[in-house]
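In case you want the letters, here they are:
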Amino acid sequence: MTLVTNLGFPRIGAKRELKHALEAYWRGESSPQQLQDIAKDLRHRHWRIQREAGADSVPCNDFSLYDQVLDMAFLFDAIPDRYRKLADRDPLEGYFALARGAQNDEFDLRALEMTKWFDTNYHYLVPELQSTQTFQLRGDKPVAEYLEAKALGLEARPVLLGPVSFLMLAKTVDGSDRLALLDRLLPVYIELLGRLKAAGTQWVQIDEPCLILDQDADDHAAYRRAYAAFANVDRPKLVLTTYFGALGDNLNLAVDLPVDGLHVDLVRAPDQLDAVLDALPAERTLSLGVVDGRNIWRTDLDRAVPLVRRAHDRLGGDRLQVAPSCSLLHVPVDATLETSLPSDIQSWLSFARQKVEEVRAIVDALNGLVSSVDTLDVARERRETRSTSKRVHKPRVAERVASLEASSARRRSAYPKRRVLQEERMRLPLFPTTTIGSFPQTHEVREARAKHKSGKLSDAAYDAFLVAETEKCVRFQEEIGIDVLVHGEFERNDMVEYFGEQLDGFAFTKNGWVQSYGSRCVKPPVIYGDVERPAPMTVRWSQYAQSLTDKPMKGMLTGPVTVLQWSFVRDDQPRAATCRQIALALRDEVIDLERAGIRVIQIDEPALREGLPLRRADWQVYLDWAVECFRITASGVADDTQIHTHMCYSEFNDIIDSVAAMDADVISIETSRSRMELLDAFVKFRYPNEIGPGVYDIHSPRVPSVDEMTELLEKAGAVLFPEQVWVNPDCGLKTRGWPETRTTLAAMVEAARRLRSSVEKTT
Ligand SMILES: CN1c2c(nc(N)[nH]c2=O)NC[C@@H]1CNc1ccc(C(=O)N[C@@H](CCC(=O)N[C@@H](CCC(=O)N[C@@H](CCC(=O)O)C(=O)O)C(=O)O)C(=O)O)cc1
Ligand SMILES: N[C@@H](CCS)C(=O)O
Ligand SMILES: [Zn+2]
C-alpha cells in the first residue's frame, strides 16, 4: 500500500502559539513547565491535523523550541565550553543561551552564529565544534517525542538530521576539518538509533539535504563511511531524505548507501524521476516529494498524479511513499483561516494542512478512489481560474519590462566620480556612523498598529503616534551624534510585507506566519500577478523625517531580489521576470525619494545571497539577473545621491564580484557574530566602494562594550582603507528594546570617535 507521509510540520502554530509561549517564558512570566505544556499541546494538535488531512504516518522530532539543528547539537552534547556550566545546571536555560546568548551577573555568553538554511528564509544555529570535540547523548528528545505520539496511538517517524549534513552545516572554531569528526559522531547516532528501535520505532527519516549540493570525493567518502556504519546495527528502517534540488551527480552515491528508503524532491527536480527509478536497488522504498513544501499554490494534480503513477508502475505500491517535497516548516499552517482574501485567490492557496490533503488526494487518485477524483476536478478548476484571471496578467507591465534599455541599469558616472560629488555634498567625517533602518518595534508600536488595523485606533491617531515615534527617534540619533540618520521604520510591520501591501499584484494573509528564527516570524506576501506601484510608498515618512533635521536622512527600501525571495512567488513565470517587475516599481520609488530631497537611499538586499542556486553551475545566470534588477532599482538617480545597500547573514567570498557589480556606493554587512570573519571577502582592493562592517550583533539581547566594538573596527581598519569604513550595527534594531539600543548606539558612536582620533594621531 502506498503511504501518505510528511517530512515536517510548521511548529510555530497557526496563531504563533509557540512564539507567545517562548517570549512569555523569556520575560519570566511563565515557568518551564508552562512552556513545555504549550509545546506538547502544539505537537499533539499538529499530529491530529496531519492525521485528519490523511497522513498515514506523521513526523516527530520535527518540533523544536528554537531550532532543529541546535537540537541535534544539544542532543549530541556539542556544547562549547562557555555554555557548559549553565547547561549542566539548567539544560533549558543552557539551550536558550546557545540560541540567544545570556548576560547576567554570572554569565556573559555570546550566542551561536546563525545562518540561512539552504536557500530559505529560515535561520539555523551553526554548531560550534573543534578538533578535540567529543560527542555523547544528552537527553532523549527524539525517543521521547516518538513515545509521546505512540501514547496517542500514532506510529510517528522521527526526523534526524543525518551525520554528514550535521557536520557540513557546523563550523569548527579552530579551522580543523569538520568531517574528521565523523568517526567520533557515528557511535552516538548508532546509540540513538538503537534506543529508537528499542522504543518500537519502525522508520526514521534521516535528512541529508547536503546531498543536493556539489559534493566532492571526500564528501562522498564521508557518506559511505557513515552509512556503512549504520548497515549492520539493530536499528529502525532509514529513509534517506533529500530536498531542495536534484541529486544529480550524487545519485549513484545516494542509491548505493545501505539504507531502506530514499526521498527525492520532484517539485524542484521532476526530471530526476526516471534516473532515480533506473538506479534504485530492488527492495528500496522510494518516497516522492510531489507537493511543493516551499510555496503556497495548490498543486497541479494533473502533473503530480502521472509522475507518481510512473513510479508506481515500476515499483508497485508497497515500495512507494508520497509526501511534500520537503518539511512544511516553510509554509503557514492552514489556508482556510484566510477568510479576508478575495475568494478566488484564497481558493488558489495550499498551506501545510492542505498540502497533506493534496498528498492524500494524489495517493487516493492512484488507487482509483472516487472521492479523490472529485478533488482532482476541483483542483483543476481552481488552477484554470488562476491561469485565466484578469487579476494576474496586465499587458502594460509586461510592455514596460520588455522596453527596458541597458542604460536603465547603469549609474550616470563610475563610482570614483560619484564619490567626489557625494563627499562635497555630504561632508561626512571619517568612519561615518549610521544604522540599518529599523528602531525598536516595541510592544507599544505593534499594539498601536494592531489597534489601527482592527479599527480601534483612528487613522489620525495612528498617524500622530507614528509621527511622534519618528520624531523621538530622529532626536535620539541627533543627541548621540549619529552622522546619517534613519526615520526608524515604525510604520512598517515587516520590511517585505509593508511593500507587498502597497504594490499591485501582491496579496497578504492574516495568519500566514512562517518561522524565521526562534520566536521570530514573517508573513510572506503572496505575489499572484503582474506588479505595479500605484503610488509612492515611503516618501511621506522619509520626507517628514528629513524635515526634522539638517543631517542627511537615509531613505529606506527593500530591494527587488529580497522582496521576491521573501515572498511566496508566482509559479507561472520565471522568477527573473517577476523580479524585473518589482525592480521597476522600486526604481520609481527611488526617483521619487530623490525628488523629495532625500540624498542617501538604502536599498536592502539581505536575501540576494540566499537566493543563490544551490548548485554552483546555476549561479551566474541568477547573479546576472539579480544584480541587474538591483541596478535597475538604483540607477535612476544623480551621481551625488548616495545609494547604500545592506546584506545580513551572507557569506560573500564566492560572490564578491557580483556584490561589487551592484555598484552601491556603500554596503553594510553583518560581521560581528563571526568576529569580522565575513569581512574577508571585502579586503583591500577586492571591493572598491565603501563598507560598513557590523559591530553590534542585533540578534542577541547582549550589549557589546565600546572596547569590543573598537576592537572589531580596528580589525576592519587593518584590512580596509580608513576612508572606506562606515560604522553601523549588523542589521536593523527592530527586535531590540530601547534601553539596550540607547546604550549600544552611544557606545558605537564613541568607538567611531576613538578610531577617528587614533587615525588623526597617526597621520
Ligand atoms: C531581516 N529579517 C527579515 C527576514 N524576512 C522578512 N520578511 N523580514 C525581515 O525583517 N528574514 C531575515 C531577517 C529575519 N529577522 C526577523 C527579525 C524580526 C522579525 C519579527 O520581529 N517578526 C515579528 C512579526 C513582524 C510583523 O509582521 N509584525 C506585525 C504584527 C505584529 C503583531 O504580532 N501584532 C500583535 C499585537 C502586537 C502587540 O500587542 O504586541 C497581533 O497582531 O496579535 C506588525 O508589526 O504589525 C514577530 O513578532 O515575530 C522577523 C524576522
Ligand atoms: N532596513 C531593515 C533591514 C533589515 S535586513 C531593518 O533595518 O530592519
Ligand atoms: Zn539585515
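Residues numbered from 1 in each chain as written. Chains lettered and ligands numbered in written order. Predicted model: local features only at pLDDT ≥ 70, side-chain atom pairs only at ≥ 80, totals over all residues. Heavy atoms only, no water.

1. As for the coordination of the zinc ion (ligand 3)
Protein ligation of the zinc ion (ligand 3) involves H646 (NE2), C648 (SG) and C731 (SG), the donor distances falling in the range 2.1 to 2.3 Å. Metal-centred angles of 104 to 122 degrees between the 4 donor atoms at the zinc ion (ligand 3) mark the site as tetrahedral. Judged by its relative accessible area of 13%, C731 is buried. (Donors = N, O, S within 2.8 Å, 3.2 Å for Na, K, Ca; no water. Tetrahedral: all angles 85-135°; square planar, octahedral: opposite > 155°, others 65-115°. Buried < 20%, exposed > 50% of the residue type's maximum accessible area, 1.4 Å probe, protein only.)

2. Side note on the site of ligand 1
Around ligand 1, the structure places 25 residues, and the nearest of them are K19, H443, R449, D494 and K734. At 2.6 Å, a side-chain N or O of D494 approaches a nitrogen atom of ligand 1. Between K734 and ligand 1, the recorded distance is 2.4 Å, taken from a side-chain N or O atom to an oxygen atom. When ligand 1 is considered free in solution it has 1,000 Å² of accessible area, and contact with the protein chains removes 84% of it. Broken down by secondary-structure element, the contributors of at least two residues to the shell around ligand 1 are α18 (443–453), β16 (514–517) and β17 (520–522). It is α18 that provides the largest number of residues to the shell around ligand 1, a total of 5 residues. Here the shell around ligand 1 is composed, by residue class, of 8 nonpolar, 7 polar and 10 charged. (Near = heavy atom within 4 Å. Polar contact = N/O pair within 3.5 Å; in protein donor to acceptor, adjacent residues only side chain to side chain. Areas by Shrake-Rupley, 256 points an atom, 1.4 Å probe, with all protein chains shown as cover. Helix = DSSP H or I, 4+ residues; strand = E, 2+ residues; numbered from the N terminus. Nonpolar A, V, L, I, M, F, W, Y, C, P; charged D, E, K, R; others polar.)

3. What to know about the domain arrangement of the chain
Taken domain by domain, the chain holds domain 1 (3–331) and domain 2 (419–762). Here the C-alpha centre of domain 2 lies 33 Å away from the C-alpha centre of domain 1. Counting from both sides, the interface comprises 49 residues of domain 1 and, opposite them, 35 residues of domain 2. Counting the surface lost from both domain 1 and domain 2, the interface buries some 3,500 Å², and carbon and sulfur atoms represent 52% of this. Contact with domain 2 buries area across many residues of domain 1, yet M114, N121 and W297 alone supply 17% of it, more than any other trio. For the pair domain 1 and domain 2, the interface holds 4 salt bridges. Inspection of the region where domain 1 meets domain 2 yields 19 residue pairs in polar contact (both at pLDDT 80 or more). Elements with a contribution of two residues or more to the side of domain 1 that touches domain 2: α1 (17–26), α5 (91–100), β4 (108–109), β5 (114–116) and β6 (123–125). (Domains from an automatic or database assignment. Contact = heavy atoms within 4.5 Å. Buried area = accessible area lost by both parts, 1.4 Å probe. Salt bridge = Lys/Arg side-chain N within 4 Å of Asp/Glu carboxyl O.)

4. Points about the packing of α1 against helix α2 (residues 32–53)
With their axes 9 Å apart at the nearest point, α1 and α2 run at an angle of 170 degrees to one another. When the axes of α1 and α2 are compared, the pair comes out roughly antiparallel. Across the interface between the two elements, E17, L18, A21, L22 and Y25 of α1 pack against P32, L35, I38, L42 and R45 of α2. (Axes fitted to C-alpha atoms, helices over the stretch in contact; angles between N-to-C directions. Parallel < 35°, antiparallel > 145°, perpendicular 65-115°, else oblique.)

5. Digging into helix α4 (residues 81–89)
Restricting attention to buried positions, one finds in α4 the residues Y83, L86 and A87. The buried residues of α4 occupy an angular sector of 100 degrees when the element is viewed end-on, so they sit on one face. Exposed residues lying more than 90 degrees from the buried face of α4 are D81, K85 and R89. Contacts from the buried residues of α4 go to α3 (68–75), α5, β3 (102–103) and β4. (Arc of directions from axis to C-beta.)

6. Brief notes about the site of ligand 2
As a matter of local geometry, ligand 2 sits amid 13 residues, with I436, S438, E489, D604 and G732 nearest to it. Here I436 contributes a backbone N or O atom positioned 3.1 Å from a nitrogen atom of ligand 2. Contacts to ligand 2 include D604, whose side-chain N or O atom sits 2.7 Å from a nitrogen atom. Bound to the protein, ligand 2 loses 98% of the 270 Å² it would expose on its own. Taken together, the residues that form the shell around ligand 2 break down as 6 nonpolar, 4 polar and 3 charged.

7. Some details on the sheet that holds strand β8 (residues 156–161)
Here we have 8 strands laid out as an open sheet, ordered β1-β14-β13-β12-β11-β10-β8-β2, and parallel in their pairing. Unpaired on one side and paired on the other, β1 (3–4) and β2 (58–60) mark the two borders of the sheet. (Pairing = 2+ DSSP bridges.)

8. Digging into the pairing of β8
Of all the 6 residues making up β8, 6 are buried; the element is thus mostly covered by neighbouring parts of the structure. Judged by which residues are buried, β8 turns out to be covered on both faces: A156, P158 and L160 on one side and R157, V159 and L161 on the other are all buried. Relative to β8, β2 runs parallel, the two being bridged by 3 bridges. Looking at β8, one finds that V58 is bridged to A156. Where β8 meets strand β10 (residues 203–207), 3 bridges bridge the pair, whose relative direction is parallel. Bridge assignment links L161 to a residue of β10, and that residue is D207.

9. A few points about helix α14 (residues 352–366)
In this model α14 runs 21 Å from its N-terminal to its C-terminal C-alpha over 15 residues, within 8% of the 21 Å that 1.5 Å per residue would give. For α14, a buried count of 13 out of 15 residues is recorded, marking the element as mostly surrounded by other parts of the structure. At the C-terminal side of α14, G368 shows a positive phi close to 70 degrees. (Expected span 1.5 Å × (residues − 1).)

10. Comments concerning the sheet that holds strand β22 (residues 666–669)
Here we have 5 strands laid out as an open sheet, ordered β19-β20-β21-β22-β23, and parallel in their pairing. A single partner strand is all that each edge strand has here, and the edge strands are β19 (554–558) and β23 (690–693). For this sheet, the mean angle separating the axes of adjacent strands, direction not counted, is 20 degrees.

11. Focus on the pattern of salt bridges
Summed over all chains, the structure comprises 62 salt bridges. Among the ionic pairs, R138 bridges to D77, the shortest N-O distance being 2.8 Å. Taken as a pair, R138 in the loop between β7 (128–129) and α6 (141–151) and D77 in the loop between α3 and α4 lie far apart in primary sequence, 61 residues in all. Under the relative-accessibility criterion, R138 is labelled buried at 18%. Accessibility expressed as a relative area gives 6% for D77, which makes it buried. Residue R235 is joined to D260 by a salt bridge in which the shortest nitrogen-to-oxygen separation is 3.0 Å.

12. So, the pairing of strand β14 (residues 320–324)
Burial runs high along β14: 5 of the 5 residues are buried. Here 2 bridges tie β1 to β14, and the two strands are oriented parallel to one another. If you follow V4 over to β14, its bridge partner there is V322. In this sheet, β14 lies alongside strand β13 (residues 285–291) in parallel orientation, the contact comprising 5 bridges. Bridge pairing in β14 links G289 to A323. For the handedness criterion, the β-α-β arrangement of β13, helix α12 (residues 301–315) and β14 is classed as right-handed. (Right-handed = clockwise from strand over helix to strand, strands pointing away.)

13. A few points about the UniProt feature "active site" (unreviewed entry) in the chain
The UniProt entry lists H699 under the feature "active site" (unreviewed entry), expressed in the numbering used here. Along the polypeptide, H699 turns up in the loop between β23 and α26 (706–719). Relative accessible area serves as the criterion here: at 11%, H699 is assigned to the buried category. (UniProt positions renumbered as here; feature names shortened; annotations may be inferred.)

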